[in-house]
Amino acid sequence: MLLSSIYILLVGFTTCFFFKISRSTSDFSLEGDYLLGGLFPLHEIEHETTVFSAETTECFRHISSKSGYNMMQVMKFAVEEINNSTTLLPNVSLGYDIFDYCSNTKNFNSALSFISKHGSIKPKEKLNNYQPKVIALTGPYGSTRTVTIAPLFTMDLIPMVNYGASTSALSNKLQYPSFVRTMPSNKDLIEMIIQIIRWFGWNWVAFIGSQDDYSSDGLKLFNKYIRNTGICLAYQEGLSLNANYSLTLKKIDKLNINVIVVFALPQYASKFIKAAISNNIQEKVWIASNAWAMNQQLPREPGIAKIGTIIGIAERLLSLPGFNEFVYKTRGITDVGHYDSEGAIKSKTCNQVCDYCTLLSAEEIINENPTLSFSIYAAIYTIAHALHKVLQCDVIECNKNIMVKPYMLLEEIKKLDFPLSGRQVKYDKNYDPAISYSVVLWRTDVNPPQFEMVGTYEKHTEITFTIDNSLLPWHNNGSVPFSNCSVECKAGYSRQHEGFHSCCFSCEKCPPNSYVNFSQDPYTCFPCAESEWSEEGSTTCKTRSVVYPQFTEIPSIIVMVSATCIIILLIATFCLFAYNYNTPLVKSAGGSMCFLMLTSLILSSISVFFFFGKPTFVFCLLRNAIFVFFFTVCISCLTVRSFQIVCVFKMATQFPKVHSLWVKHNGQWLFIAFATFIHLISCVIWMTVNPVKLIADSWTFKDQIMLICEMGNTITFTIVVFLSWFLGFLCLLFSYMGRDLPKNYNEAKSITFSLILYYLTWIAYFTAYLIIKSKYMVIFNAMAQISSINGILFTYFIPKSYIIIFQPQKNTLAYFQTSIQNYTQTISRS
């Protein structure tokens, strides 16, 4: 295969250049100090055939292309303008040699001509010695054609300043070191197409290309760049000229795709659009790539207005002042020539024949597709400016003694930055130009059809993209057409995948305390932080309010004032009992034991103040541990006190030995010490095994975080409470046994009432604790403690204080002896 390809190249080259050509080539050639090469598609091959013969393609035998001839005229115009310039390349003239380039694979004769020197090629010649026919060239049109011949020029570093090849592969400077282009690459074009799709919120699109490097590169880039954009490629196909276009359109219509990117060469795009018209495809959006965005014939097709809206992407169109005059002038002097049959056959092989060109009017040339006009114009000026630098030109003349080599121009092209017709021409490290695109709308509703600029896309240091929506009269009653696989979810709903494409989904409302953030991840309901909350179907979380009883709240103030009053009463009672310590009433109330009870109650009351304000670990520990321990000490005293009364009046007579041992060994204090020690051990275990701790309750209320103190280990806490309640039960039992004692010694009613109040208070509290969830449960806890202390204070100590203060006659020894005598007489009678 390699040998046959080389054979074809050599035969084609020799066929073209080693026969006498008897004609004028003034339309294709111009003498000059430095020669430029030009490759333009004056003809187009509709069907490429496999190479089986060693023949160069004769372009004139194929379909003519008016736009190709227009391109050639732009190059000639640019060369003439430069030759007439007094500032650019003064006293230096440029010439050109132009070829009709119509084939992807069988047009090597022109390329070989450009790299030859006096009709021969020396592949091993050093760059410093090698001087090809041209110093640089522009063209050809099309990515496939360019990729095919580019290695022939880049291996010798001949600048190939291209106007019509956009495949991104050509940006690879390792493979194509001397390739320069004045039109943007497919990378930029695809990025702009994606910008348009995202601008209108579409995500369900089709991509139609052709079977060539231009389209395949575009499809590859499109698939790459739509990742993580929310756009889904619902259908893709690379069409050949013989493909079933109708079937493709039916598939697209069946998939409900309303946006179709047609990234194809003009001949494929033309067939596809015509097929859409004949198949009655309606109300679609067609995005035209730059290859056919300014097609002059398609907008005039009957019925094209029905297929929908066509948006094209084209380079920013700039007028070329003087071009029209140049065309009118050349139309009058073009000499195509007449040749004999032998000469004609030989000359046509060289692809410098254009039979139809002389038949074109100036208006036809001027009105052809202007998409690539500026790119061609900029390509010639790029070469001229680089040559200007190499020749060290000033405003008067250039140094013609410098031997110009093609690679010298390449070095200067890197540094170029010059204005041209209102645009700045400069190149990046890959020799790609600054980007300047227009979004054009096909106005097929007017006669003649027009191309209206509705948006711009600039890419210099950063991307600037905008579209004027008001200029787009959509076919869908003026509203933007819908082209999405699924209707977008409402706010607060997350997407649930359906099928293969990420654009296809159902919607599900986010549960409470979660939210969906479309910019972050539309497929996930993210949980709110512990300090936040949200309603069902939310897009953000709200901050929870942190609640706990404040010192300044009225309920807190009432409880604290109550606790303060109780403490004052307890201290006053303590002082009163201390002052009247030797009186019978104080002795009968327990004597020194009363002070232990009062001290325990005072300390228990202090715990109330730790229920308010922002809770901490210390507060949580003190608010319960202090009360539980010291109140249990008080209850143990009451228990002993009840037992002593029963012991004196009943057990002393029935069990004298037991009574004597109790009195002898201070049994009451031993019991209190033992009960206190056991309870202290249980409290220490409660506080250490799994201590009381602060928790943030975020589950009870959706919008609040309650700071509460957890009670710690359930088992140890139960033991602590059980010991306290057991002592209370013993106290009740002994009080019941002494219910018929003398009035002065009969404290059963007061003790019983205080303990029943104690039990009922805490039963009510624990019941409410299990049922009611509120920050005020902490206040209920404090009130339960106050109620327990009040029960003992007001039923046991206050009545005795009243007698001491207001009934001193009852606080005498004689009164107490009389009560005992009356009780003894009553017992003896019974």
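Keep in mind it's a predicted model, so treat the numbers as computed, not measured. Along each chain, the written sequence defines residue order, and numbers are assigned to residues from 1. A pLDDT threshold of at least 70 governs which residues receive local features in this predicted model, and a stricter bar of 80 or more applies before side-chain atom pairs are shown or counted, although totals over entire chains, interfaces and linings include all residues. Side-chain calculation: all heavy atoms of the structure are included, whereas hydrogens and water are not.

A. Quick peek at the overall build of the protein chain. In DSSP terms, a helix is any run of H or I states spanning at least four residues, a strand is any run of E spanning at least two, and both are numbered starting from the N terminus. Within the protein chain one finds 23 helices and 27 strands. Burial classification: accessible surface area is computed with a 1.4 Å probe over protein chains only, and a residue below 20% of its type maximum counts as buried, one above 50% as exposed, and the rest as partly exposed. Across the 830 residues in the protein chain, those meeting the buried criterion constitute 53%. Should any heavy atoms of two residues lie within 4.5 Å, those residues are counted as being in contact. The contacts in the protein chain between residues at least 6 apart in sequence include a share of 71% that link residues at least 24 apart.

B. View of the environment of Ile-672. Mapped onto the secondary structure, Ile-672 falls in helix α19 (residues 667-689). What Ile-672 contacts, discounting residues up to four positions off in sequence, is Met-593, Leu-596, Ser-636, Cys-637 and Val-640.

C. Up close: the environment of Gln-392. Relative to the helices and strands, Gln-392 resides in the loop between α12 (373-390) and α13 (406-413). Gln-392 sits in the exposed class, given a relative accessible area of 57%. Setting aside residues up to four positions removed in sequence, Gln-392 forms contacts with Glu-397, Asn-399 and Ile-402.

D. Inspection of a nonpolar patch on the surface at higher detail. The grouping of Phe-674, Phe-677, Ile-678, Ile-681, Ile-685 and Val-689 at the surface amounts to a nonpolar patch, some 560 Å² of accessible area in total. In this fold, Ile-678 is placed in helix α19. Patch membership requires over 30% relative accessible area and the absence of a salt bridge. Like charges are linked within 9 Å, and nonpolar side chains (Val, Leu, Ile, Met, Phe, Trp, Tyr) within 5 Å. Per-residue and other accessible areas follow the Shrake-Rupley method at a 1.4 Å probe size, with only the shown protein chains counted as cover for residues. Salt bridges, as used here, are contacts in which a Lys or Arg side-chain nitrogen is within 4 Å of a carboxyl oxygen on Asp or Glu.

E. Inspection of the sheet that holds strand β11 (residues 259-263) at higher detail. Pairs of strands are assigned from DSSP output, requiring at least two bridges between the strands. Strand order in the open sheet formed by eight strands is β10-β9-β11-β12-β13-β16-β17-β18, with mixed pairing between adjacent strands. The open sheet has two free edges, formed respectively by β10 (232-239) and β18 (463-467), since each of these has just one partner strand. Averaged over all neighbouring strand pairs, the angle between strand axes comes to 20°, with direction disregarded. With five bridges joining them, strand β9 (residues 204-210) and β11 adopt parallel strand pairing. The residue bridging Ile-208 from the neighbouring strand is Val-262, located in β11. What counts as an axis is a line fitted to C-alpha atoms, over the stretch in contact for a helix, and the angles between N-to-C directions run from 0 to 180 degrees.

F. Structural context of the pairing of β18. Of the strand pairs in this sheet, strand β17 (residues 450-459) and β18 are connected by five bridges, and their pairing is antiparallel. Across the sheet, Glu-458 pairs through a bridge with Thr-464, a residue of β18. Taken together, β17 and the strand that follows it, β18, pair antiparallel across an intervening segment of three residues.

G. Structural context of the confidence of the model for the protein chain. For every residue, the pLDDT score states the predictor's confidence, bounded by 0 at the bottom and 100 at the top. With 87% of its residues at a pLDDT of 70 or more, the protein chain shows a mean pLDDT of 84. Ignoring residues within four places in sequence, the model shows residues 1-25, a span with pLDDT below 50, making 41 contacts including any to other chains. Segment residues 335-349 is flagged for pLDDT under 50; beyond a separation of four residues in sequence, or across chains, it makes 27 contacts in the model.

H. Highlighting the packing of α12 against α13. Contact pair α12 / α13: the axes reach a minimum separation of 8 Å and the direction vectors enclose 105°. With respect to α13, the element α12 is oriented roughly perpendicular. Between α12, through Thr-382, Ile-383, Ala-386, Leu-387, Lys-389 and Val-390, and α13, the contact on the second element is made entirely by Met-408, Leu-409, Glu-412 and Ile-413. Nonpolar residues are Ala, Val, Leu, Ile, Met, Phe, Trp, Tyr, Cys and Pro. Charged residues are Asp, Glu, Lys and Arg, and all others, Gly as well, are polar. When its residues are assigned to classes, the contact of α12 with α13 shows seven nonpolar, one polar and two charged. Should an angle fall under 35 degrees it is called roughly parallel, over 145 degrees roughly antiparallel, and 65 to 115 degrees roughly perpendicular, with every other angle called oblique.

I. Region of the structure containing the packing of aromatic side chains. Side-chain rings of Phe, Tyr and Trp (the six-membered ring for Trp) are treated as a pair once their centres are within 6.5 Å; stacked means planes under 30 degrees apart, edge-to-face means over 60, and tilted covers the remaining angles. Evaluated as defined, the whole model comprises 41 aromatic pairs. Between the aromatic rings of Phe-629 and Phe-630, the centroid separation amounts to 5.1 Å while the plane-to-plane angle is 75°, which identifies the pairing as edge-to-face. By relative accessible area, Phe-629 is classed as buried at 16%. A residue is classified by how much of its surface remains accessible, and Phe-630, at 24% relative accessible area, is partly exposed. In textbook terms, an aromatic cluster arises when at least three aromatic residues are bridged by ring pairs, as seen for Phe-627, Phe-631, Trp-686, Phe-717, Trp-725, Tyr-758, Tyr-759, Trp-762, Tyr-765, Phe-766 and Tyr-769. Two limits define a charge over a ring: the Lys NZ or Arg CZ must be within 6 Å of the ring centre, and within 35 degrees of the ring normal. The ring of Tyr-523 carries the charged tip of Arg-495 above its face, separated from the ring centre by 5.5 Å. Over the ring of Tyr-769 we find Lys-773, and its NZ or CZ is 5.0 Å from the ring centre.

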